[in-house]
Amino acid sequence: MRDPYAVLGVAKSASDKEIKSAFRKLAKKYHPDANSNDPAAAGRFNEANQAYEILGDKDKRAQFDRGEIDAEGKPKFQGFAGGDPFGGSGPFGGGRARPGGFEYRSSTKAEDFDADSIFSSLFEGAFGGGAGGARRSGASGGFSGAKKAASKGSDIAANLSIDLQDVVSNEKVEVAFASGRKLAIRLPMGVEDGQTIRLRGQGQPAPAGGEPGDALITIRITPHRRFRIDGRDLRCEVEVPLETAVLGGRLEVETLDGRVALNVPAWTNSGKTFRFKGKGLTTKEGGRGDLYLRAEIVLPDRDEELAALMRQRAKAPTGS
């Protein structure tokens, strides 16, 4: 992926607010729902999501600026302090003395070349190991601990765009990684925009049969055409015809769980809010938030009878 700063179009000195604003503009511009005729928009939308995953997280942004992770959030290999480990000056470079009295030799006999033994001597010397050093301290550190940590596979990361229906459906959703691998996962209750889900052991396999890495999935909730998120509640407007507002009646309204009937009392004004309990988003405790509908009175389209009535009422003496 391209440099995340270039993707969002911000300078490296940009503030968190500037980065967030740039991401929102791109997400709105390239959202697939608004660009159904532009197949390239989805790619730009996902690219902006991935860039914001790095720059929108203070820790990841610092790691990227230091060169510790790449634009996809993957750790970068930092290399050996002495350069090429198999080069002439590396620990496996044959027959060359190093400053400080160390001399590394290679052997033409396969049974004599034991990388574990070479690393063991270095780590045991550094951690006070050697002839029972680690045992005397009662620790399991030294080379064995360092080797175990180093043998873990790399983590893999991906963004997952979901909609509000995914949040409440409890159905599995599929996430695709840059390597082409796909996983079907079930979203946790109360999942939020920007939340990162860790799937232990689902990352890259480790060399020599060590512990595999993890899969890190950052959730991005795509904006809904009607509903606005307010914590775990949802809010939207509902159009109420003038006749229904005056006389009262029933309206069918859309929720994430399908259409339901709304009973509108007579003489309902614009701004009146109706509440449907348990029709919002899932909570971490396993419940659901609420749905709030704000009434918006809609006039009929050029109703001449209504216009005549209003003119008659305008001419009528006050109090009649």
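Remember, predicted model here, so these are calculated numbers, not experimental data.

Cut-offs applied
Residues numbered from 1 in each chain as written. Predicted model: local features only at pLDDT ≥ 70, side-chain atom pairs only at ≥ 80, totals over all residues. Heavy atoms only, no water. Buried < 20%, exposed > 50% of the residue type's maximum accessible area, 1.4 Å probe, protein only. Helix = DSSP H or I, 4+ residues; strand = E, 2+ residues; numbered from the N terminus. Pairing = 2+ DSSP bridges. 1 Å grid on protein atoms, 1.4 Å probe; cavity = no way out; pocket = protein on both sides within 12 Å on 5 of 7 lines; lining within 4 Å. Points joined across faces, edges and corners; volume = space filled by probe spheres on them. Axes fitted to C-alpha atoms, helices over the stretch in contact; angles between N-to-C directions.

Let us now look at the pairing of strand β3 (residues 156–162). Most of β3 is tucked away, with six of its seven residues classed as buried. Two elements, β3 and strand β7 (residues 215–221), share seven bridges in a ladder whose sense is parallel. The partner of asparagine 159 across the bridge, within β7, is threonine 218.

Our focus in this paragraph is the layout of surface pockets. When its volume is computed, the largest pocket comes out at roughly 620 Å³. Lining the largest pocket we find 22 residues, and of these Arg24, Ala27, Ile221, Thr222 and Pro223 sit closest to its centre. Elements represented by at least two residues in the lining of the largest pocket include exactly α2 (16–30), α3 (39–55), β7 and β8 (228–230). The element best represented in the lining of the largest pocket is α2, accounting for five residues.

Quick look at the sheet that holds strand β13 (residues 291–298) now. Taken in spatial order, the four strands make up an open sheet running β8-β9-β13-β12, and their pairing is mixed. Here the strands that pair on one side only, and so sit at the sheet edges, are β8 and β12 (273–276). Taking each pair of neighbouring strands and ignoring which way they run, the sheet shows an average axis angle of 35°. Looking at chain direction, strand β9 (residues 233–241) and β13 are connected through eight bridges and run parallel. Paired with proline 241 across the bridge in β13 is valine 298.

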